[in-house]
Structures are given as C-alpha cells and as structure tokens.
Amino acid sequence: MNIGIVCYPSHGGSGVVATELGKQLAQRGHNVHFISYGLPFRLHKFYENIYYHEVDTPNYPLFKYPPYSLALANKIAELIRYEDLDVIHAHYAIPHSICAMIARDIVKKPGLRLVTTLHGTDITLVGNDPSFQELTKYSIEGTDGVTAVSKALRQETIETFDIQSNIEVVYNFVDVQEYSRQLNPEVNLDHGGERVKNIIHISNFRPVKNISNVIKIFYLISQEVNSRLLLVGGGPEECLAKHMVQELKIEDKVLFLGKHDNIVPLMSISDLLLLPSVKESFGLVCIEAMACKVPTVVSNTGGLPEVVEDGVNGFLAEPDDYRTMAEKGIYLLQNPGIHQEFAERGRQMVEDRFNAEAIVEQYLDYYRSLK
Ligand code: GMT
C-alpha cells in the first residue's frame, strides 16, 4: 500500500507512535510518506520505503498567522495524486485530520481511506477547547475510520463529542527487540560504595504532567532510599521544577538531562518510573519503561489503568496523592525480590499486549477493513 502519515515531528507521544508505525509499515514493504513541517525526530537516517515531504508555509505581510493548515491540506492533495496514496493516516485530530479531509474532498480518489488516530490531548485539552470543539467533532465524524489509543480515550471522546460512529481502540506499542534492558558497563552506578537507585521521569514538562508531584514524590523517596532523580525532556514547567529542587535543597540528587532521542540507555539504568499525570490517555513512556524492566508508579487516570496493573507490574494512585506514590516507590526500591517480579511481569505485559508485531497488524487490518 501507499500510505501517507501526517504527524507532528517533535518529541511527544503522538509523533513517536506515528513515526514508529511508519517504520514498521515500511519494513513490511509498504511505501510510507511522512507529511509534516519538519523531519520526525526518530527518522534521522535512511530507511528503505520511507519518504519525507516537508510542508512549506508561505508567509505574506497580509497574514497575521502563516496558514500552515492550508499548506498541509494542499500538500496532502498533491501527494494523493502524485504518490497514488491508498491510505492517509492522520495522527492528532487538530489540524491534521481536517487537512486530510479537505485533501480527500479536493482529489476524490476512489478507494482512498482516511484514518484518524486520537492520541489524547487532541481530545482532552485542545479539541475540547471551545475554539476547536465543533471542528474536532466534524473531523471525527468525517473520516473513514477513527482509532483511539485506549478504551478510556474512546469513552471520553464519545461522551465529550456525542459520537455515534465506531471508534476502534488500538493501543500504543514498542518494538520489544529495540526496547529491552541493555546494560552499559561504562556507567558507574556505585556512589560511595552503594548502588544508587535511579528514578526516572520523561515528559514535555507541561502542567498536565504534574511535575511538582514528581519532585515531591522523589523528595520523600530520597529520605528513605539512596537515590537520584533523572528528569528527561523539557518544557514549560522546567523552571518550576528547578525552583522546587532548590527550595528542597536536593540539587545534588536531581539531574536535568534535557531531551534525548534514544531513551533506552537511560531506561536501562533506571529502577523506577514516575508518571503522576493529571490526564494521560495511554502513557507511552510506561510501556517503554516496562519493556526495559523498569516498574512504574503512575496516576490512576485515563488509560493508565489499562497499561499498569496495580500491585502486579506497578502501582496506581490518585494524581494528587504523592504520599502514596512515594510509599509504593519506597516499597519497590527496598524489596529487590518484589522489584524483580514487578519488572519481569511488566516486560511480559508489553510482550503480550503492546508488542509492535501485533499492533501494527491491527492497524493494517483496520486499513483493509475500511475498503
Ligand atoms: O503526553 C503528551 O503530552 C504528548 C502527547 C502527544 O500528543 O504527543 O501524548 C499523547 O499521545 C501519546 C501517544 O498516543 C500517549 O501515550 C499519551 O498518553 C498522550 N498524552 C496525554 O494524554 C497527556
């Protein structure tokens, strides 16, 4: 098949899922065309069957805002004709899905299928905003097929937008070969003769990620366990996090590591992942951690209970309940045998339910079902 993938190219779950899906489809012999304003960050090398089409947005003094969405719609239309696309897969409703609908209506190619994947913030934050609400509902009802990354997101979409049409749940996935615990003998984990435990948090530091609770949880853990906090990523609440770290006088224990393209080496030295998000439609970073045998302590919100089984491969607590999250973290870090069991069960869960092999087939079956 010739498949066009429209996505955001920057660090962030929706772009990662779109890019990894494209790579997997290309490996299976499909021609994959990425359409975006920048090269997706995980595509920085040559891949057979993968093509990248940059959207150039003209700007004129007349425009207060460059009309990216229109340029994107035009580019998709051009590619439907030139690359003879069979499927356009839009990741994120706003504006990608709408742009793909415009392109479809311009070209009117028989048999073309348009799929939209809802990732979460496009429904729970952006799409829900009154400025976009009508448009989001229109895009969900107007595409040929819609998928959501968790049952919770599907339910929230149906309720928020009063959707009558079918929404298929297709979970996030990882390549379990690539995502595995890979020990690096060059990294010294002994500090003062004792193995320091690494606690990791990876995100875009937006308010929804609840960074202040990440710091509070770590602070309580660090009182009981010799540990460090690895903060990976960056975004609007980085300053707040640094301020809290200074106030709590834990600067020597918190490492702000910035954005990383490859997180496997970081996961591989980690003992616990914290994700106390206020909202989280799936939590891709959880399965990345679990695949690398890192147990998780996360909030009991959105799709996270579909990923983390409380007391089996991680722990769930209310997003504001940082004390319980700290207690559960301490429990895991102080009990190596139990920690090992959680780590093994987490890896197994990813192999069984969130494995690229199975999920990519699910997407392909879905494309075919829309014929
Ligand atoms: O987590 C973010 O803020 C980034 C966001 C995105 O749109 O890229 O991630 C969303 O999509 C991911 C991939 O499907 C999901 O795993 C994340 O849970 C979801 N984020 C939220 O719902 C907050």
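The structure reproduced in this document is the subject of the present report. All of these numbers come straight from a predicted model, not from anything done at the bench.

Compared with an ideal rise of 1.5 Å per residue, which puts 15 residues at 21 Å, helix H3 (residues 93-107) spans 20 Å between its outermost C-alpha atoms and is within 8% of the ideal. Counting buried positions along H3 yields 12 of 15 residues, so the element is predominantly enclosed. Residues Ala93, Ile94, Pro95, His96, Ser97, Ile98, Cys99, Ala100, Met101, Ala103, Arg104 and Val107 constitute the buried set of H3. The secondary structure elements touched by the buried residues of H3 are strand E1 (2-6), helix H2 (68-82), strand E4 (87-91), strand E5 (113-118), helix H4 (121-126) and helix H5 (133-142). Remark: lysine 108 follows H3 within two positions and exhibits a positive phi of approximately 55°.

With that out of the way, let us pick up the site of the ligand. Not every one of the 18 residues close to the ligand is listed here, only the nearest: Ser14, His119, Asn204, Lys209 and Glu280. Here histidine 119 contributes a side-chain N or O atom positioned 2.6 Å from an oxygen atom of the ligand. The contact in question runs from an oxygen atom of the ligand to an N or O atom on the backbone of serine 281, over 2.9 Å. Across the complex, the protein chains shield 94% of the 480 Å² of accessible surface that the ligand would expose by itself. At three residues, helix H1 (residues 13-27) tops the list of elements feeding residues into the shell around the ligand. Among the residues forming the shell around the ligand, the class breakdown is five nonpolar, 10 polar and three charged. The two domains that each donate at least three residues to the shell around the ligand are domain 1 (2-173 + 355-369) and domain 2 (197-353).

Turning to helix H13 (residues 336-353), a few remarks are in order. Along its 18 residues, H13 runs 26 Å from first to last C-alpha, staying within 8% of the 26 Å computed at 1.5 Å per residue. The set of residues buried in H13 consists of His339, Phe342, Ala343, Gly346, Arg347, Met349 and Val350. Relative to the axis of H13, the buried residues are bounded by an arc of 155° and lie together on one face. In this structure, the buried side of H13 is in contact with helix H10 (284-291), helix H11 (304-307), strand E15 (314-317) and helix H12 (322-334).

Using the criterion set out here, one finds nine aromatic pairs in the structure. Between tyrosine 171 and phenylalanine 354, the ring centres sit 5.4 Å apart and the planes meet at 80°, which makes this aromatic pair edge-to-face. Here tyrosine 171 is found in the loop between strand E7 (168-169) and strand E8 (190-191), whereas its partner phenylalanine 354 is found in the loop between H13 and helix H14 (356-369), with 183 residues between them in sequence. Phenylalanine 354 carries the same exposure label as tyrosine 171, and that label is buried. The structure contains a cluster of three or more aromatic residues connected by ring pairs, namely Tyr8, Tyr37, Tyr68 and Tyr92.

Calculation notes
Residues numbered from 1 in each chain as written. Predicted model: local features only at pLDDT ≥ 70, side-chain atom pairs only at ≥ 80, totals over all residues. Heavy atoms only, no water. Helix = DSSP H or I, 4+ residues; strand = E, 2+ residues; numbered from the N terminus. Expected span 1.5 Å × (residues − 1). Buried < 20%, exposed > 50% of the residue type's maximum accessible area, 1.4 Å probe, protein only. Contact = heavy atoms within 4.5 Å. Near = heavy atom within 4 Å. Polar contact = N/O pair within 3.5 Å; in protein donor to acceptor, adjacent residues only side chain to side chain. Areas by Shrake-Rupley, 256 points an atom, 1.4 Å probe, with all protein chains shown as cover. Nonpolar A, V, L, I, M, F, W, Y, C, P; charged D, E, K, R; others polar. Domains from an automatic or database assignment. Arc of directions from axis to C-beta. Phe/Tyr/Trp six-rings, centres within 6.5 Å; stacked < 30°, edge-to-face > 60°.

Read these as geometric descriptors, not functional statements.
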